[in-house]
Amino acid sequence: GIDLVGMCVNDVLVQGAEPLFFLDYFATGKLDVDTTVAVVGGIAKGCELAGCALIGGETAEMPDMYPPGEYDLAGFNVGAVEKSGIVDGSQIRAGDVVLGVASSGPHSNGFSLIRKIVERAGSPFDLKLDDGQTLADALMMPTTIYVKPILVLLRVPSPESRVPTIHGMAHITGGGLLENIIRVVPDGLGLAIDSSSWKLPPVFDWLQREGKLPREEMWRTFNCGIGYCVIASPDDIPMIAQTLADFGLASQTIGEVVQASGEYRVHIA
């Protein structure tokens, strides 16, 4: 449930919008009370973390549509932002810095490939990774919800009595690092990402090794430890990073905006 909310609220957040309310849709063949309570409880927790209201939803029993034990879950949220406060990437300039904010894990993306890799590896869910987590816990870690710290950066004056100017933001979902950040970068500009600037978390390292995945496939499919990106002037990056740290979020500079060159606008070295 938290993952469903996180995917939605983080997506509206990149425009500078504050999530206001959320609705869910839960459908199954025969209602299992324990499963339903767990799912809806997760949605409620996600809304609490995002600071938005769970105002309603739909629970449907359709025995002819779903086999026993299966269910379908969907949701959406509405956010609001003043027209003058919309973050659309139009202010991005060459020389701006890309600040990568840590993810908690795969964040609900790439799981078709994850399931194949895990099955081929013999489903070793109890395997201890290098950080001490089991494989199961690492894969199922709830999506990080970035709403509260980012809204602080956008709207609350800092101790220096100024607000850092965020030029663009990206939520790293399907398409990974190769396809998500560049969506907010104006034509004529590209991205130079330095993959050595952060350590690949153990769960992604395991997926890459067990799946024998080339680097480019990793960048295109997974967030690889970077769940959210903020693009800003180098002068504002320290203030942004400190605010994120105050909320317990690790971040690091992972690249910069450059003049576009060649056929591809995103270069990950």
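Above this note sits the structure.
Residues numbered from 1 in each chain as written. Predicted model: local features only at pLDDT ≥ 70, side-chain atom pairs only at ≥ 80, totals over all residues. Heavy atoms only, no water.

(A) Region of the structure containing the packing of aromatic side chains. What the rule picks out here adds up to 4 aromatic pairs. Considering the side-chain rings of Phe204 and Phe222, the 6.0 Å spacing of their centres and the 55° angle between planes classify their relative orientation as tilted. With Phe204 in helix α7 (residues 202–211) and Phe222 in the loop between α8 (215–221) and β7 (226–232), the pair connects residues that are 18 residues apart, well separated along the chain. (Phe/Tyr/Trp six-rings, centres within 6.5 Å; stacked < 30°, edge-to-face > 60°. Helix = DSSP H or I, 4+ residues; strand = E, 2+ residues; numbered from the N terminus.)

(B) Summary view of the nonpolar core. Membership of the largest hydrophobic core comes to 38 residues, with the highest contact counts inside it found for Leu177, Ile181, Val185, Leu191 and Leu207. Discounting residues that sit within four places of it in the chain, Val185 has contacts with Ile92, Gly190, Leu191, Ile231, Val257 and Arg265. Listed in part, the 33 residues of the second largest apolar core include Leu151, Ile166, Val230 and Leu244. (Core = buried A, V, L, I, M, F, W, Y, C linked by side-chain atoms within 4.5 Å. Buried < 20%, exposed > 50% of the residue type's maximum accessible area, 1.4 Å probe, protein only. Contact = heavy atoms within 4.5 Å.)

(C) Quick look at the sheet that holds strand β2 (residues 53–61). The strand order across the open sheet built from 3 strands is β2-β1-β3, with neighbouring strands paired in mixed fashion. Unpaired on one side and paired on the other, β2 and β3 (71–80) mark the two borders of the sheet. This sheet shows a mean twist of 15° between the axes of neighbouring strands, independent of strand direction. Of the pairings in the sheet, the one linking strand β1 (residues 18–28) to β3 comprises 10 bridges and is antiparallel in character. Looking at the pairing, Phe21 lines up with Val78 of β3. Where helix α1 (residues 2–13) meets the sheet, its contacts fall on β1 and β3, and the angle it forms with β3 comes to roughly 25°. In the packing of helix α2 (residues 33–50) onto the sheet, contacts are made with β1, β2 and β3, and the angle to β1 comes to roughly 170°. (Pairing = 2+ DSSP bridges. Axes fitted to C-alpha atoms, helices over the stretch in contact; angles between N-to-C directions.)

(D) View of α2. When the terminal C-alpha atoms of α2 are compared, their 26 Å separation across 18 residues agrees well with the 26 Å that a helix rising 1.5 Å per residue should span. Along α2, the residues classified as buried are Thr36, Val39, Gly42, Ile43, Gly46, Cys47 and Ala50. Each buried residue of α2 lies within a common arc of 135° when the element is viewed along its axis, so the set occupies one face. Summarising the geometry of α2, the exposed residues directed more than 90 degrees from the buried face are Val33, Asp34, Val37, Ala38 and Glu48. (Expected span 1.5 Å × (residues − 1). Arc of directions from axis to C-beta.)

(E) View of the environment of Val230. Of note, Val230 is situated in strand β7. Note on Val230: relative accessible area 0%, which makes it buried. Val230 sits 125 residues away from Gly105 along the chain, and the two C-alpha atoms are 19 Å apart. Those residues in contact with Val230 that lie beyond four places of it in its chain are Val97, Val98, Leu99, Ile150, Ile166, Gly168, Met169 and Ile240.

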